[in-house]
Amino acid sequence: MDINSLSAIITGGGSGLGEATARALHARGASIGILDLEGSNGADVASSLGGVFVPADVTSDEQVTKAIADAAAAHGGIHILINCAGIASAERTVSRDGPASLEGFSRTVNINLIGTFNTIRVAAAEMVKNDPTEDGERGVIINTASVAAFEGQVGQAAYSASKGGVVGMTLPIARDLARDGVRNNTIAPGLFLTAMLMGLPEEAREALANVTPFPTRLGKPEEYAQLACSIIENPMINGETIRLDGALRLAPR
Ligand SMILES: NC(=O)c1ccc[n+]([C@@H]2O[C@H](COP(=O)([O-])OP(=O)(O)OC[C@H]3O[C@@H](n4cnc5c(N)ncnc54)[C@H](O)[C@@H]3O)[C@@H](O)[C@H]2O)c1
């Protein structure tokens, strides 16, 4: 789809990969809706792009339904959904304190996996109302998994399960939405320099960057945004998970 004049909603758009994608889509002429937590940086990012901030927790049926309806009303529909809302978590299955917290596991899966499906189902219901392009396209959805979906490290059972779920549902959702001309794809990033990674000490960040074969550095959020734009523009990319990782394969720890 030609991004110019389309309406986009970006979850987790207040920070990191989502913010960079919102900026890239805005630069290509899209109207921007930022869906992020109340009190996040989402309102500032939206106002800097002349867009709308539609606060919501991605795990809430009610909040997501309202946020997407508000963004659609503001911009005359929704054509693009970028799912970047997510959290990182780390806990071994069994530690010195005993078994991992079931609540912690559920929280990660709830935000990263169920939250992603929640926004997809509501936004796709808006997209199917769009007039098709010449190619029959009505919308594009891009989700964010992680290389941890494939090579989860020690402590990443919950995170990997949540991201593996995103990879697993990519094809069936693309199949479900095919008759309506809506594509669904997933990007599986390696290590990108965002607030999520800035939480680690500099030494740990450097060590992670050094294990990336080429380029031997952390990814830039703009590089994620660049791939998101390419996926939107190329109608043959559908039902696929694309690794964006400089050939990185995570070691056990
Ligand atoms: N940075 C990396 O190296 C990396 C690597 C692989 C995958 N990812 C994934 O990319 C996505 C974006 O990560 P990032 O690095 O930009 O992180 P980030 O922390 O910079 O941004 C995440 C955003 O999601 C929002 N968010 C969190 N929980 C939410 C909820 N329940 N409802 C609505 N919004 C919520 C936060 O407020 C924040 O604005 C995440 O899904 C993350 O797992 C990141």
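Structural data are supplied above this passage.
Keep in mind it's a predicted model, so treat the numbers as computed, not measured.

**Examining the site of the ligand**
At step 1: Of all residues adjacent to the ligand, which total 30 residues, the nearest are Gly-12, Ser-15, Gly-16, Gly-86 and Thr-194.
At step 2: Of all elements in the fold, only helix H1 (16-27), helix H4 (102-127) and helix H6 (195-198) reach the threshold of two or more residues within the shell around the ligand.
At step 3: Along the lines of polarity and charge, the residues of the shell around the ligand split into 14 nonpolar, 14 polar and two charged.

**Looking at the packing of H1 against helix H8 (residues 221-233)**
At step 1: With their axes 8 Å apart at the nearest point, H1 and H8 run at an angle of 55° to one another. Classified by the angle between their axes, H1 and H8 sit oblique to one another. Note that H1 runs across H8; the crossing there is right-handed. Each of Gly-16, Leu-17, Ala-20, Thr-21 and Ala-24 in H1 lies in contact with H8, whose residues at this interface are Pro-221, Glu-222, Tyr-224, Ala-225, Gln-226, Ala-228 and Cys-229.
At step 2: Of the residues in the contact of H1 with H8, the class split is eight nonpolar, three polar and one charged.

**Side note on the packing of H4 against helix H5 (residues 157-177)**
At step 1: The N-to-C vectors of H4 and H5 enclose an angle of 20°; their axes lie 8 Å apart at closest approach. Overall, the two elements H4 and H5 adopt an arrangement that is roughly parallel. In this structure, the crossing between H4 and H5 has a hand that is right-handed. For the pair H4 and H5, contact is made by Gly-104, Phe-105, Thr-108, Val-109, Asn-112, Leu-113, Thr-116, Phe-117, Ile-120 and Ala-124 and by Ala-158, Tyr-159, Ala-161, Ser-162, Lys-163, Gly-165, Val-166, Met-169, Ile-173 and Leu-177, respectively.
At step 2: Grouping the amino acids of the contact of H4 with H5 by side-chain chemistry returns 13 nonpolar, six polar and one charged.

**A few points about unusual backbone geometry**
At step 1: The omega angle of the peptide bond from Phe-214 to Pro-215 is -5°, so this bond is cis rather than trans.
At step 2: Here Pro-215 lies in the loop between helix H7 (202-210) and H8.
At step 3: For Ser-5, which is not a glycine, the phi torsion comes out positive at approximately 75°.
At step 4: Of note, Ser-5 is situated in the segment before strand S1 (7-11).
At step 5: By C-beta crowding, Ser-5 is classed as exposed, having 12 other C-beta atoms within 10 Å.
At step 6: Of note in this structure, Ala-247 is not a glycine but carries a positive phi near 70°.
At step 7: As for its position among the elements, Ala-247 is in the segment after strand S9 (241-244).
At step 8: Looking at Ala-247, the number of C-beta atoms within 10 Å reads 10, which means it is exposed.

**Let's talk about the nonpolar core**
In summary, soluble globular proteins display a tendency toward joint burial of nonpolar side chains.
At step 1: Core analysis: the largest hydrophobic core is formed by 64 residues, its most contacted members being Ala-8, Ile-9, Ile-10, Ile-32, Ile-68, Ile-80 and Ala-123.
At step 2: At seven residues, the largest contribution of residues to this core is made by H4.
At step 3: Each residue touching Ala-8, except ones within four places of it in the same chain, is listed here: Leu-25, Ala-30, Ser-31, Ile-32, Gly-33, His-79, Ile-80 and Ile-82.

**Digging into the environment of Gly-136**
At step 1: Mapping Gly-136 onto the fold places it in the loop between H4 and strand S7 (139-144).
At step 2: On the neighbour-count criterion, Gly-136 (11 C-beta atoms within 10 Å) is exposed.
At step 3: Through-space distance from the C-alpha of Gly-136 to that of Pro-235 is 9.8 Å; in sequence the pair is 99 residues apart.

**Here we look at H1**
At step 1: Spanning twelve residues, H1 covers 17 Å between terminal C-alpha atoms, matching the ideal 16 Å at 1.5 Å per step.
At step 2: For H1, the tally of buried residues reaches nine of twelve residues, placing the bulk of the element in the interior.
At step 3: Those residues of H1 that fall on the buried side of the exposure criterion are Gly-16, Leu-17, Gly-18, Glu-19, Ala-20, Thr-21, Ala-22, Ala-24 and Leu-25.
At step 4: Positive backbone phi, at 100°, marks Gly-29, one or two positions downstream of H1.

**Regarding the pairing of S7**
At step 1: Burial within S7 is extensive, with six of its six residues counted as buried.
At step 2: Across the two faces of S7 the burial is the same, with Gly-139, Ile-141 and Asn-143 and Val-140, Ile-142 and Thr-144 all buried.
At step 3: Of the strand pairs in this sheet, strand S4 (residues 80-83) and S7 are connected by three bridges, and their pairing is parallel. Bridge pairing in S7 places Leu-81 opposite Ile-141.
At step 4: Of the strand pairs in this sheet, S7 and strand S8 (residues 182-189) are connected by six bridges, and their pairing is parallel. If you follow Asn-143 over to S8, its bridge partner there is Thr-186.
At step 5: Note on the crossover from S7 through H5 to S8: the handedness is right-handed.

About the cut-offs
- Residues numbered from 1 in each chain as written.
- Predicted model: local features only at pLDDT ≥ 70, side-chain atom pairs only at ≥ 80, totals over all residues.
- Near = placed C-beta within 6 Å.
- Helix = DSSP H or I, 4+ residues; strand = E, 2+ residues; numbered from the N terminus.
- Nonpolar A, V, L, I, M, F, W, Y, C, P; charged D, E, K, R; others polar.
- Axes fitted to C-alpha atoms, helices over the stretch in contact; angles between N-to-C directions.
- Parallel < 35°, antiparallel > 145°, perpendicular 65-115°, else oblique.
- Left-handed = near helix turned anticlockwise from the far one by under 90°.
- Contact = placed C-beta atoms within 7 Å.
- Buried ≥ 20, exposed ≤ 12 C-beta atoms within 10 Å, placed from the backbone.
- Core = buried A, V, L, I, M, F, W, Y, C linked by C-beta atoms within 7 Å.
- Expected span 1.5 Å × (residues − 1).
- Pairing = 2+ DSSP bridges.
- Right-handed = clockwise from strand over helix to strand, strands pointing away.

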